[in-house]
Amino acid sequence: MPSDCDGVVQLSDQVQNDRSPLIAVRSPPSEAISMRRHAIVAIALLAASGTASAQDIIGVRDARALRADSVFQRFDRTDSPGCSLGVYQDGKILYARGYGMASLEHGVALSPRSVLDVGSISKQFTAMSMLMLQKEGKLSLDDPIRKYIPELPPYADKITLRRALSQTSGLRDLYVMMAQTGRTFAGDTIDALRVITHSAEPNYMPGARYLYTNSGWILAAQIVYRLTGKTLAQFAEERIFGPLGMHDTRYLADVTTIIPNGAEGYAPRPGGGFRIASSAYDGAIMGAGAVHTSVEDFGVWLNNYDVATVGSRDIIETMTTPTKLNDGSPATSGPNMAYAVGLTVGTLRGLRVVAHGGSWAGYRGHFLRFPDQHFAVATFCNLTTSGPDSLARKVAGIYLADKMQPDSDAMWIASLDGAQPAALPASGFRALTGVWRNVERGEVRRTRLVGDTLFSVGAERTRMVPLGEGRFRVGNGTEVRFDNPEAPSRMVVRTTAETVTFARADSVGLTPPQLAEYAGDYRSDEVETTHTWKVEKGQLVVYANDRRLGVLEPSYKDGFTRASTVVDVQRDAKGRITGYLVESGRVRHLRFTRVR
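Treat the numbers as computed from the prediction; the structure is a model and nothing was measured. Starting from 1, residues in each chain are numbered consecutively following that chain's sequence as written. Thresholds applied to this predicted model are a pLDDT of at least 70 for local features of residues and 80 or more for the giving and counting of side-chain atom pairs; totals over whole chains, interfaces and linings are not thresholded and use all residues. Water and hydrogen atoms were dropped before computing side-chain values, which therefore reflect all heavy atoms in the structure.

Participant: When you look at the packing of helix α3 (residues 123-135) against helix α9 (residues 295-307) in this model, what are you seeing that I'm missing?
Facilitator: Each packed pair of helices is defined by two parameters, the angle between the axes and the distance between the axes. Helix axes are fitted to C-alpha atoms over the stretch in contact, other axes to C-alpha atoms as well, and angles between N-to-C directions run from 0 to 180 degrees. Think of it this way: any DSSP run of H or I at least four residues long counts as a helix, any run of E at least two long counts as a strand, and we number them from the N terminus. Interhelical geometry of α3 versus α9 gives an angle of 45° and a closest axis separation of 13 Å. One element, α3, and the other, α9, form an angle in the oblique class. Of the two possible hands of crossing, α3 and α9 adopt the one that is left-handed. Together, Gln124, Phe125 and Met128 of α3 and Phe298, Trp301, Asn304 and Tyr305 of α9 make up the contact between the two elements. Per-class residue counts for the contact of α3 with α9 are 5 nonpolar, 2 polar and no charged. Any angle from 65 to 115 degrees is called roughly perpendicular, while one under 35 is roughly parallel, one over 145 is roughly antiparallel, and all others are oblique. A crossing counts as left-handed when the near helix is turned anticlockwise from the far one by less than a right angle, and as right-handed when that turn is clockwise. Whether two residues touch is decided by their heavy atoms; if any such pair falls within 4.5 Å, the residues are in contact. Any residue outside Ala, Val, Leu, Ile, Met, Phe, Trp, Tyr, Cys, Pro, Asp, Glu, Lys and Arg is labelled polar, Gly included; the first ten of those are nonpolar and the last four are charged.

Participant: Is there a simple way to explain the packing of aromatic side chains in this structure?
Facilitator: Here the distance between the centres and the angle between the planes together describe a pair of aromatic rings. A pair of Phe, Tyr and Trp rings is counted when the ring centres sit within 6.5 Å of each other, with Trp represented by its six-membered ring. The angle between the planes then sorts it: under 30 degrees is stacked, over 60 is edge-to-face, the rest tilted. Summed over the entire model, instances satisfying the criterion amount to 21 aromatic pairs. Arranged with centres 6.4 Å apart and planes meeting at 80°, the rings of Tyr212 and Tyr339 form a pair that is edge-to-face. Of this pair, Tyr212 sits in the loop between α6 (189-198) and α7 (215-228) while Tyr339 sits in strand β13 (residues 337-339), and the two are 127 residues apart along the sequence. Each member of the pair, Tyr212 as well as Tyr339, carries the same accessibility label: buried. Relative to Tyr251, the ring of Phe241 lies with its centre 6.1 Å away and its plane at 40°, an arrangement referred to as tilted. With Phe241 in helix α8 (residues 232-244) and Tyr251 in strand β8 (residues 250-251), this residue pair connects regions lying 10 residues apart in the sequence. We call a residue buried when its accessible area falls under 20% of the maximum for its residue type, exposed when it is over 50%, and partly exposed in between, using a 1.4 Å probe and counting protein chains only. Owing to a relative accessible area of 1%, Tyr251 belongs among the buried residues under this scheme. Clustering of aromatic rings is evident, with ring pairs tying together Tyr518, Tyr522, Trp533, Phe560, Tyr580 and Phe592. Ring-over charges, as used throughout, are those where CZ of Arg or NZ of Lys falls within 6 Å of the ring centre and within 35 degrees of the ring normal. Against the face of Tyr543 rests Lys534, its NZ or CZ located 4.8 Å from the ring centre.

Participant: Help me understand the side chain of Arg562, please; the structure alone is not making it clear to me.
Facilitator: Along the chain, Arg562 turns up in strand β30 (residues 559-562). The side chain of Arg562 sits in the buried core without any salt bridge; Glu553 is the nearest counter-charge, 11 Å away. Within the local environment of Arg562, its side chain forms a polar contact with the side chain of Gln180, the two groups lying 3.4 Å apart. Not counting residues within four places of it along the chain, the set of residues in contact with Arg562 comprises Gln180, Val542, Leu549, Gly550, Val551 and Leu552. His residues and chain termini do not enter the charge count, which takes Lys and Arg as positive and Asp and Glu as negative. Definition used for salt bridges: Asp or Glu carboxyl oxygen within 4 Å of a side-chain nitrogen of Lys or Arg. Any pair of nitrogen or oxygen atoms within 3.5 Å is treated as a polar contact; in protein, a donor-acceptor pairing is required on top of that, and neighbouring residues in sequence qualify only through side-chain atoms on both sides.

Participant: Help me understand the nonpolar core in this model?
Facilitator: Burial of nonpolar side chains together is a common tendency in soluble globular proteins. Judged by nonpolar contacts, the single largest core of 105 residues is most densely connected at Ile145, Ile240, Tyr251, Phe298, Trp301 and Trp533. Ignoring sequence-local partners within four residues, the contact set of Phe298 consists of Tyr88, Ile121, Gln124, Phe125, Thr293, Phe367, Ala378 and Phe380. Joining through side-chain atoms within 4.5 Å is the link that ties buried Ala, Val, Leu, Ile, Met, Phe, Trp, Tyr and Cys residues into a set, and such a set is a nonpolar core. Formed by 31 residues, the second largest nonpolar core is a distinct cluster that contains Ala65, Leu348, Ala392 and Val395.

Participant: How should I be thinking about the pairing of strand β25 (residues 499-505) in this particular structure?
Facilitator: In this sheet, β25 lies alongside strand β18 (residues 434-438) in antiparallel orientation, the contact comprising 3 bridges. Paired with Arg437 across the bridge in β25 is Ala503. Of the strand pairs in this sheet, strand β24 (residues 490-494) and β25 are connected by 5 bridges, and their pairing is antiparallel. Counted as the bridge partner of Arg494 is Thr499 from β25. Between β24 and β25, which pair antiparallel in sequence order, lie 4 residues. Paired strands are those between which DSSP finds at least two bridges.

Participant: How do you make sense of α8 when you look at a structure like this?
Facilitator: Note on helix geometry: an α-helix contains 3.6 residues per turn, so any two residues three or four positions apart are oriented the same way. At every residue, the bend is computed as the angle between two fitted axes, covering the seven residues ending there and the seven beginning there respectively. The largest bend along α8 measures about 40° and falls at Glu238. Among the residues of α8, those classed as buried are Leu232, Ala233, Phe235, Ala236, Ile240, Phe241 and Leu244. Buried residues belonging to α8 abut α3, α7, β8, β11 (291-293) and α9. Gly245 sits one or two positions beyond α8 and adopts a positive phi of about 75°.

Participant: Any chance you could explain unusual backbone geometry here in plain terms?
Facilitator: Although it is not a glycine, His374 sits at a positive phi angle of roughly 50°. Within the element layout of this structure, His374 appears in the loop between β16 (363-370) and β17 (375-381). One non-glycine residue, Asn545, adopts positive backbone phi at about 50°. With respect to the secondary-structure elements, Asn545 resides in the loop between β28 (539-544) and β29 (547-556).

Participant: Is there a simple way to think about the state of the cysteines in this case?
Facilitator: Two cysteine sulfurs form what is called a disulfide whenever their separation falls within 2.5 Å. The final tally for this structure, using the stated rule, is 1 disulfide. The residue that forms a disulfide with Cys83 is Cys381, at a sulfur-sulfur distance of 2.1 Å. Disulfide Cys83-Cys381: torsion about the S-S bond near 100°, hence right-handed. Of this pair, Cys83 sits in strand β3 (residues 83-89) while Cys381 sits in strand β17; the two residues are 298 residues apart in sequence, bridging distant segments of the chain. We note that Cys83, like Cys381, is buried.

Put into structure tokens, the structure is as follows:
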């Protein structure tokens, strides 16, 4: 999700096998709200060749709005998905419009009223729900989560609700765990709780660090249900969305629900065009995600942070106060940002900002709220490659340019993109090839020479453009440096979000007979799954429940990678293979034991 709910499944938040009730189509908004929606709508956009035909525009299309339009120019077509933009000032929409199509199949354009899945942006609504219950004395954020979910293992006695809602719990991520099973996930809470409660250990001591996970939020939704007898969807409708008049906003309780003004999600198709990218799971990822809303409705919610129509000032203060780790330091989530409760807070170009992103299926979203300027931007997109965080920052820069410090990130990217390639023969690349490992993150990357071109191989293979002195440009906005181009031992990867150092690992190449030593069955009771490793056509392949998960690529001694997953094989004192540990971003040290 993200950023965000970067998962493969969606959940209902009921314990029972029966589905949550379908969200009914609601009654029309009041006359006042209807007037708010339509009184200032202007139809614009001349129908130029290849551009989107007339779409609703809210607000004045002044010089700043025209510059904002240019940020979304690549989406503003009738043959592309795109984004809805909301720009807000003093609790009102300053400018809003859509770029691209909500439905390519039906020829429906995106507009400020298009309803999109906003992924992990949903977490703030879950936080508000939990804090409302705290205000009523039904729970405390300082309670151990096992008080409400007693079926969790004993280590959860040290995990408070505050830790669960601030990405500092150590709970392993449900979706990464499920990805190890090879099973189709029904998306209901029974499956979710079974996986989370079977996890034998946390990723780290609760409160020791920040690491994004969705599991705590799914448990929060279950706690709302156990304390109130209402699903999170029902609770939020009654206590948040209804009272605020957010008539186009809901937690999706069933993927078969028809959503008025709903936009389809898309991903690029190899070779050109787009494919539908939607969740096929029954139920929603209640708590971690599942909110569907429009940029028009979302403006009402953003205004609530200032007027506190629902919730209270102290609830909003809790949601926007950085969480502290065990050592007293903030739960740093990125450059100048820390995680609070359902939100990230910090500074952007010298201004205080509150933000969050979301990612689910074909949907991507991001918002930025600048409390001192009473200004906000939201970008909700229906294309996986849209990059809404960058789009939101660019729009904010247009409207707040005179108040912001220079955009050092943009200047760095421009400098990197503008750097001239250096001539380097293929022989100069050979010392730079190999396997690079960051043990703390459980991450491995490779550099490979294909012909006379060096590639960086992680989740994807990307060309590395030499810039001289061991420095390379990799894709857009990523720089790689080697500490010693002639015999490097370190590879440093820098983006605007972070700088990560990888140490050289001894790369290995294994023959089929050597691979055969690893073949066998490995069991994890935590995910109730047996992995079978087989040698096929000179490669080591892993299966789970008769489903081929992929190729295990030898990386270093007793170390393999499969996509972004790192597998470290374990041996006993006699050198016999006893099992392995899975390291996969939001899940650390997931143990499989050899059974055959």
